[in-house]
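Coordinate analysis (summary)
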Amino acid sequence: MNQQGAEPARRTPGAIKLHGPEGFEGMRKAGRLTAQCLDMLAPMVRPGVTTEAIDKAVFEFAMDHKALPATLNYHGYPKSCCTSINHVVCHGIPADKPLKDGDIVNIDVTLIVDGWHGDSSRMYGVGEVPRRAMRLMEITYECLAKGIAAVKPGARTGAIGAAIQKHAEAERCSVVRDFCGHGLGQLFHDEPNILHFGSANDGVEMRPGMIFTIEPMINLGRPHVKILGDGWTAVTRDRSLSAQFEHSIGVTEDGCEIFTLSPAGLFFPDKPDHPFA
Ligand code: MF3
Ligand code: CO
Ligand code: CO
C-alpha cells in the first residue's frame, strides 16, 4: 500500500518521475542503511561461510532497523539478497554451499525504509583472490565510477552506457547486455532503463530529480548469459568470471548524489583512496 491508498504503485511507461527534496531525503536514509548492511557483511565473507548465513544476516539486519528486504517474495524470489559467485552474473540465490578461498562474490541488497528503496551491490573477495579476478573487480568498479561521472543534467542516459562500455572493452572485458540499471524510489524497478553499453545519444535526457541505479555487470570472457533451471540464476555462457557493482543515485543541478556510499569506506576497500570507495 502507498500513500495514495490501497492501490499498489505501478510502473508507468514513458513517465519518468522527478523527485523533490522529500524523495532525496527518503533515498538518503534507505541508501545509507543499505550501505551499512553491506558494510556489516564485510567481515563475514570468509572461506567456509554459506551464502544462506549471509542472507540470514541481511534479513536480521533489516528487521533490527525497521526495514524490509525488497527482494523477499519479489516476483517469487525467495531470499533477502542475491549472492552471485564467480561465473554467476546476477540473481544468485543464497544456499547452503560454503564460500571457498579464491571465490569472488557479489552481494546485492535492496532495503525499503519508510517506503523508499536503497539498492546497492558490491564485490567481496573470499580469502586470497587470483590476480585475474582482482583485475576484473577493479575494472568493474572503475566502470561504475565512469558511469557515475557521466551523470549530469542535459546529457542522455546513453552517456552512462557509452562510458562503461568504452572502459570495459579497452580492458578486453565485455558488458552484459541482458540486465540494466533502473529508475527506483517508492518502486523497486521503474523507468528509465539504464543500459551499460551503447552510444551517448541513446536514451532519455537526464534531469534534476531523476533517481536510478547504475549496476554494470562485466565479464572476463564473452557477454552472453543464460538463466539456470531455478528461473533466477544468470551465468556466463562461457563460464568466464563476472563482476558487478551497483549504486543508487539522484541527478542534481550539477551532477549527481550517490545515496549508497559506504559510511565505513568499505565499498571497494582495494581502492581506498577513490571518492566512491
Ligand atoms: N537488486 C537487484 C537489482 O539490482 C534486483 C534483484 S531482484 C531479485 O535490480 F528478485 F532477483 F532479487
Ligand atoms: Co538494481
Ligand atoms: Co541491486
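Refer to the structure printed above.
Report on the accompanying structure. (Residues numbered from 1 in each chain as written. Chains lettered and ligands numbered in written order. Predicted model: local features only at pLDDT ≥ 70, side-chain atom pairs only at ≥ 80, totals over all residues. Heavy atoms only, no water.)

A few words now on the coordination of the cobalt ion (ligand 2). In this structure, Asp119 (OD), His182 (NE2), Glu215 (OE) and Glu246 (OE) serve as the protein donors to the cobalt ion (ligand 2), at separations of 2.0 to 2.2 Å. If you look at the cobalt ion (ligand 2), its six donor atoms make angles of 52 to 159° with each other, and the shape they trace is irregular. If you list the donors of the cobalt ion (ligand 2) from N- to C-terminus, the spacing comes out as D-x62-H-x32-E-x30-E. A separation of 3.3 Å is found between the cobalt ion (ligand 2) and the cobalt ion (ligand 3), which are bridged by Asp119. Linking Asp119 in strand E5 (residues 116-125) with Glu246 in the loop between strand E13 (242-244) and strand E14 (247-251), this pair joins segments that are 127 residues apart in sequence. The exposure classification of Asp119 matches that of Glu246, with both residues buried. (Donors = N, O, S within 2.8 Å, 3.2 Å for Na, K, Ca; no water. Tetrahedral: all angles 85-135°; square planar, octahedral: opposite > 155°, others 65-115°. Helix = DSSP H or I, 4+ residues; strand = E, 2+ residues; numbered from the N terminus. Buried < 20%, exposed > 50% of the residue type's maximum accessible area, 1.4 Å probe, protein only.)

Only Asp108 (OD), Asp108 (OD), Asp119 (OD) and Glu246 (OE) from the protein reach the cobalt ion (ligand 3) as donors, at distances of 2.1 to 2.4 Å. Note that the cobalt ion (ligand 3) binds six donor atoms; their angles at the metal cover 58 to 166°, and the shape is irregular. Counting the intervening residues between successive donors of the cobalt ion (ligand 3) yields the motif D-x10-D-x126-E.

Taken together, 14 residues sit near ligand 1, with Thr71, His182, His189, Glu215 and Glu246 positioned nearest. At a separation of 2.8 Å, an oxygen atom of ligand 1 approaches a polar side-chain atom of His189. Its free accessible area being 330 Å², ligand 1 has 96% of it covered by the protein chains. Of the residues belonging to the shell around ligand 1, the class tally is five nonpolar, five polar and four charged. (Near = heavy atom within 4 Å. Polar contact = N/O pair within 3.5 Å; in protein donor to acceptor, adjacent residues only side chain to side chain. Areas by Shrake-Rupley, 256 points an atom, 1.4 Å probe, with all protein chains shown as cover. Nonpolar A, V, L, I, M, F, W, Y, C, P; charged D, E, K, R; others polar.)

For the bond running from Glu191 to Pro192, omega is -5°, close enough to zero to count as cis. You will see that His91, though not glycine, has its phi angle at about 60°, which is positive. The residue His91 is located in the loop between strand E3 (88-90) and strand E4 (104-113) in this model. Of note in this structure, Arg239 is not a glycine but carries a positive phi near 60°. With relative accessibility at 61%, the residue Arg239 sits in the exposed group.

What follows is about the sheet that holds E13. Spatial ordering of the open sheet is given by E6-E10-E13, a layout of three strands whose pairing is antiparallel. Two strands bound the open sheet, and with one partner strand each, they are strand E6 (174-175) and E13. By the bridge criterion, two bridges tie E6 to strand E10 (residues 217-219) in an arrangement that is antiparallel. Paired with Val175 across the two strands is Ile218, which belongs to E10. Relative to the sheet, helix H3 (residues 131-149) contacts E10 and E13, its axis offset from that of E13 by approximately 35°. (Pairing = 2+ DSSP bridges. Contact = heavy atoms within 4.5 Å. Axes fitted to C-alpha atoms, helices over the stretch in contact; angles between N-to-C directions.)

For the structure shown, the criterion picks out eight aromatic pairs. Centre to centre, the rings of Tyr74 and Phe188 are 4.8 Å apart; their planes meet at 55°, and the pair counts as tilted. In this pair, Tyr74 sits in the loop between strand E1 (68-69) and strand E2 (82-85) while Phe188 sits in the loop between strand E7 (181-183) and strand E8 (190-194), placing the two residues 114 residues apart along the sequence. Taken together, the aromatic side chains of Tyr141, Phe245, Phe267 and Phe268 make up a single cluster linked through ring pairs. Just above the ring of Phe197 sits the side chain of Arg177; from NZ or CZ to the centre is 4.7 Å. (Phe/Tyr/Trp six-rings, centres within 6.5 Å; stacked < 30°, edge-to-face > 60°. Lys NZ or Arg CZ within 6 Å of the ring centre and 35° of its normal.)

A separate point is helix H2 (residues 51-64). In this model, H2 (14 residues) spans 20 Å end to end at C-alpha, consistent with the 20 Å of a helix rising 1.5 Å per residue. Those residues of H2 not exposed but buried are Thr51, Ile54, Asp55, Ala57, Val58, Phe61 and Ala62. Down the axis of H2, the sector holding all buried residues measures 160°, keeping them to one side. Summarising the geometry of H2, the exposed residues directed more than 90 degrees from the buried face are Lys56 and Asp64. In this structure, the buried side of H2 is in contact with helix H1 (21-41), E1, E2 and E4. A positive backbone phi angle near 55° is found at Lys66, which sits one or two residues after H2. (Expected span 1.5 Å × (residues − 1). Arc of directions from axis to C-beta.)

Spatial relationships are all this shows, so hold off on functional conclusions.
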